[in-house]
Amino acid sequence: MRTIHAVAGLALVLAVAGCQRTSMTDFGGNPMQPAPLQAQPVPTVQSSQLSAPTGDTSQFPAAPVNGTAAVGGVQTPAGTEVAAATNALDVTKESMVGNWRVSNAGASCDMFLTLTNLGSGSRGGTRGCAGELTTMGSWEVAGKQVVLKDRNGNPLARLFKTADSRFDGSTNGGQSVSLSR
């Protein structure tokens, strides 16, 4: 019985000790201020062109073929991406969140986009879609385009905002894709 009383008393003392107030004051009640930091000189910044990688280059993606441009990892004919990007409206991730109706090569399905991080993008998915969009698992906004990605993070399609609640683009396979609300 004495052991129980000793343990209870020790627990009470520790609980009261944990309730003590701590603050940034000295014993006279005056607030202590940290010493200001001294300014440090900043060296000059230099820039130059990087040299081509040497040695094992298998870890690098292939350079684009002349006449095409890689946009968000999706190969597009030269000029197509530029024309779409110049006519496209600005887009934010927050405006993309929610349910979208997808029109893909004449068929319709649903797509839901969230802000939950998944790899380099945000989580998303489709329901009732056919073709490439069945593997959609994430998405991201890159400039004025929305890049849809598969579950491994590989780009599937790119879309540009063409109206207030409409996005148009194409898949890697060249099928047209439209999102609308």
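Below is a short write-up of the structure. (Residues numbered from 1 in each chain as written. Predicted model: local features only at pLDDT ≥ 70, side-chain atom pairs only at ≥ 80, totals over all residues. Heavy atoms only, no water.)

## A short note on the overall build of the protein
Item 1. Along the backbone of the protein there are three helices and 10 strands.
Item 2. Taken from the N to the C terminus, the helices and strands of the protein come in the order α-β-β-α-α-β-β-β-β-β-β-β-β.
Item 3. Counting every position in the protein, which comprises 181 residues, the buried fraction comes to 23%.
Item 4. Counting contacts in the protein only where the partners sit at least 6 residues apart, residues at least 24 apart contribute 34% of the total. (Helix = DSSP H or I, 4+ residues; strand = E, 2+ residues; numbered from the N terminus. Buried < 20%, exposed > 50% of the residue type's maximum accessible area, 1.4 Å probe, protein only. Contact = heavy atoms within 4.5 Å.)

## Digging into the packing of aromatic side chains
For any pair of aromatic rings, the description rests on two quantities: the centre-to-centre distance and the angle between the ring planes.
Item 1. Evaluated as defined, the whole model comprises one aromatic pair.
Item 2. Measuring from centroid to centroid gives 5.4 Å for W100 and F167, while their planes differ by 85 degrees, and the two rings are edge-to-face. With W100 in strand β3 (residues 98–104) and F167 in strand β9 (residues 166–171), the pair connects residues that are 67 residues apart, well separated along the chain.
Item 3. Accessibility expressed as a relative area gives 2% for W100, which makes it buried.
Item 4. The ring of W139 carries the charged tip of K93 above its face, separated from the ring centre by 5.5 Å. (Phe/Tyr/Trp six-rings, centres within 6.5 Å; stacked < 30°, edge-to-face > 60°. Lys NZ or Arg CZ within 6 Å of the ring centre and 35° of its normal.)

## Some thoughts on the pairing of strand β10 (residues 176–180)
Item 1. Judged from the four bridges that link them, β3 and β10 form a sheet pairing that is antiparallel. Bridged to V102 within β10 is L179.
Item 2. Inspection of the sheet shows β9 paired to β10 by five bridges, in the antiparallel sense. By the bridge assignment, S170 is partnered in β10 with S176. (Pairing = 2+ DSSP bridges.)

## Focus on the sheet that holds β9
Item 1. The strand order β3-β4-β5-β6-β7-β8-β9-β10 describes a closed barrel built from eight strands, whose pairing is antiparallel. The sheet shows a mean angle of 30 degrees between the axes of neighbouring strands, direction not considered.
Item 2. Both strand β7 (residues 145–150) and strand β8 (residues 155–163) contribute to a ladder of five bridges, which runs antiparallel. Looking at the pairing, V147 lines up with R158 of β8. (Axes fitted to C-alpha atoms, helices over the stretch in contact; angles between N-to-C directions.)

## With respect to the state of the cysteines
Item 1. Scanning the model with the defined rule gives one disulfide in all.
Item 2. Here C109 connects covalently by a disulfide to C129, the sulfurs 1.8 Å from one another. In this structure the cystine formed by C109 and C129 twists about its S-S bond by roughly 75 degrees; its chirality is therefore right-handed. With C109 in strand β4 (residues 107–118) and C129 in the loop between β5 (121–127) and β6 (136–142), this pair connects stretches of sequence that are 20 residues apart. C129 matches C109 in its accessibility class, with the two residues each being buried. (Disulfide = S-S within 2.5 Å.)

## Some points on the side chain of T114
Item 1. If you trace the backbone, T114 turns up in strand β4.
Item 2. Accessibility expressed as a relative area gives 18% for T114, which makes it buried.
Item 3. Looking at T114, its side chain comes within polar contact range of the main-chain oxygen of R123, at 3.0 Å.
Item 4. Contacts of T114, omitting those with residues within four sequence positions, involve V97, S122, R123 and W139. (Polar contact = N/O pair within 3.5 Å; in protein donor to acceptor, adjacent residues only side chain to side chain.)

## Considering the pattern of salt bridges
Where charged atoms from two side chains of opposite charge approach closely, those side chains can pair.
Item 1. One pass over the structure, following the stated rule, counts five salt bridges.
Item 2. Measuring nitrogen to oxygen at the nearest pair gives 3.8 Å for the salt bridge that ties D90 to K144. With a gap of 54 residues between them, D90 in the loop between α2 (80–87) and α3 (93–96) and K144 in the loop between β6 and β7 connect regions that are remote in the sequence.
Item 3. Judged by its relative accessible area of 32%, K144 is partly exposed.
Item 4. A cluster of three or more residues bridged by salt bridges with shared partners is formed by R101, D110 and R127. (Salt bridge = Lys/Arg side-chain N within 4 Å of Asp/Glu carboxyl O.)

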